[in-house]
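# Descriptive analysis of the structure
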Amino acid sequence: MATVAAVIASTHHPFYYRASTSTGADRPPFADEWVAKIEAFRETLTKARPDILVMVGSDHFHQLWLDNMPQFLVGKAPYFDANWYNEEREFGLPRMTLPGEERLSAHILRNGLDAGFDLAFSNELRIDHSITCPIITLRPDADLPIVPIYTNIFAPPLPRPQRFVELGRTIRQLVESWPDDKRVAIIGTGHLSLELGGPRQFGAHGPDPEFDRKAVEWIASGDIEGCLAEVTLDSLHLPGNATHGFMDFMLMMGVAGAGAKADHVDSLDLFHTMEAYFTWYPSGVPE
């Protein structure tokens, strides 16, 4: 059976690549601290010695649009083209081609359907920075096969937070039931409080520092019940108009398990958002 070697949750700031590779006057003053935090975070994945990455993210209206919006989708292809023109133009992100793991995709799809999730699938999925940014930060060689799983956090009606937690638990069970003897890291990326295009987008901190503080505490301590008691589809409008991306963090809390305390917790308060990084080792911290 497959082993869940690591569970990892993070934000996916698209400016990291440009900030970390800029030099001279173009290098932002916070870049060195950011790079140091990412390098420590990257080591948590390297220590887990994964063979495959299951990547949870959300399409930013690049490939999925209002004419056909699945709530949860599994990518099922031998390769995935990655990043879009606007991501190259605005963030300096490179075009990428990432290998897929079709057998694990098929296993998750078939057994996820049998577990009560009406999963969509795509044999021609092209992915964006919600998945490529954590590849750049955690595995810049991009040498491991991936299984991308997309969630709908943008286009109402959205699944409720509880459903994200339930899907996280199911993904963990499905990976552990896969008969191949592989080490799998499950990686998901979302947002803390976030405002896009609104009056709170470019503040000194994220739009709701109190929400961010509570969110980091919920995630780090595995307090799923406390989180669900406060977080609803309606309440997520208050910390910022794009804060529904926090439900992908809740999905990863479901993967890690109720009460699971993260083995690595770090954050960085940038000028308009808080970055946050978490790693759990279900079988204990690797030597």
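Counting from 1, residues in each chain are numbered in the order their sequence is written. Residue-level local features of this predicted model are given only where pLDDT is at least 70; pairs of side-chain atoms are given and counted only at 80 or more, and the full residue set underlies all totals for whole chains, interfaces and linings. To obtain the side-chain values, all non-hydrogen atoms of the structure were included, while hydrogens and water were left out.

A tally of regular secondary structure across the protein chain gives 9 helices and 10 strands. The reference for a compact globule is 2.2 Å times residues^0.38; the radius of gyration itself is calculated from the C-alpha atoms. Its C-alpha atoms give the protein chain a radius of gyration of 17 Å, within 12% of the compact-globule value 19 Å for 287 residues. Taken along its principal axes, the extent of the C-alpha atoms in the protein chain is 50 × 45 × 40 Å. Under the scheme applied here, a residue whose accessible area is under 20% of the maximum for its type counts as buried, over 50% as exposed, and between as partly exposed, the area being computed with a 1.4 Å probe on protein chains only. In the protein chain, which comprises 287 residues, the share counted as buried stands at 56%. Residues are treated as being in contact if the distance between any of their heavy atoms lies within 4.5 Å. The contacts in the protein chain between residues at least 6 apart in sequence include a share of 79% that link residues at least 24 apart. In short, Shrake-Rupley with a 1.4 Å probe defines the accessible areas, and a residue's cover is counted only from the protein chains shown. For the protein chain, the accessible surface area stands at approximately 12,000 Å², while carbon and sulfur atoms represent 51% of it. The helix count covers DSSP runs of H or I at least four residues long, the strand count covers runs of E at least two residues long, and both are numbered beginning at the N terminus.

Here we come to unusual backbone geometry. Cis geometry marks the peptide bond from Pro 156 to Pro 157; its omega dihedral reads 5 degrees. Look at Arg 49: it is not a glycine, yet its phi comes out positive at around 50 degrees. One non-glycine residue, Ala 142, adopts positive backbone phi at about 50 degrees. Following the sequence through the fold, Ala 142 ends up in the loop between helix 5 (129-138) and strand 7 (146-151).

What follows deals with the side chain of Thr 132. Within the fold, Thr 132 resides in helix 5. For Thr 132, a relative accessible area of 0% puts it in the buried group. Look past the residues within four positions of Thr 132 in its chain and what remains in contact with it is Ala 82, Asn 83, Met 96 and Leu 98.

Pairing is mixed across the open sheet formed by 8 strands, whose spatial order is 6-3-7-2-8-1-10-9. Of all the strands in the sheet, the pair left with one neighbour each is strand 6 (120-122) and strand 9 (264-269). When strand polarity is set aside, the average angle formed by the axes of neighbouring strands in this sheet is 15 degrees. Paired strands are those between which DSSP finds at least two bridges. With 6 bridges connecting them, strand 9 and strand 10 (residues 274-280) associate as antiparallel partners. By the bridge assignment for strand 10, Asp 269 is matched with Met 274. To obtain an axis, a line is fitted to C-alpha atoms, over the contacting stretch when the element is a helix, and the angle between two such axes runs from 0 to 180 degrees between their N-to-C directions. Along the sheet face, helix 4 (residues 102-114) touches strand 2 (52-57), strand 3 (72-75), strand 6, strand 7 and strand 8 (183-190) and points at about 35 degrees away from the line of strand 7.

Centre-to-centre distance and the angle between the planes together describe a pair of aromatic rings. Each Phe, Tyr or Trp ring, with Trp reduced to its six-membered ring, pairs with another whose centre is within 6.5 Å; inter-plane angles below 30 degrees give stacked pairs, above 60 give edge-to-face pairs, and intermediate values give tilted ones. This structure, assessed with the given rule, holds 15 aromatic pairs. Judged by centre distance (5.3 Å) and plane angle (80 degrees), the ring pair of Phe 211 and Phe 246 falls under edge-to-face. Of this pair, Phe 211 sits in helix 7 (residues 209-221) while Phe 246 is found in helix 9 (residues 246-256), placing the two residues 35 residues apart along the sequence. Each member of the pair, Phe 211 together with Phe 246, is buried. Between Trp 218 and Phe 246 the ring centres are 6.3 Å apart and the planes differ by 45 degrees, which places this aromatic pair in the tilted class. One end of the pair, Trp 218, is in helix 7; the other, Phe 246, is in helix 9, with 28 residues separating them in the sequence. Considered together, Trp 218 and Phe 246 belong to a single accessibility category, that of buried residues. Three or more aromatic residues link up through ring pairs in this structure, and these residues are Phe 211, Trp 218, Phe 246, Phe 249, Phe 278 and Trp 280. By definition, being over a ring means that NZ of Lys or CZ of Arg is both within 6 Å of the ring centre and within 35 degrees of the ring normal. It is Arg 163 that lies over the ring of Phe 117; its NZ or CZ is 3.8 Å from the centre.

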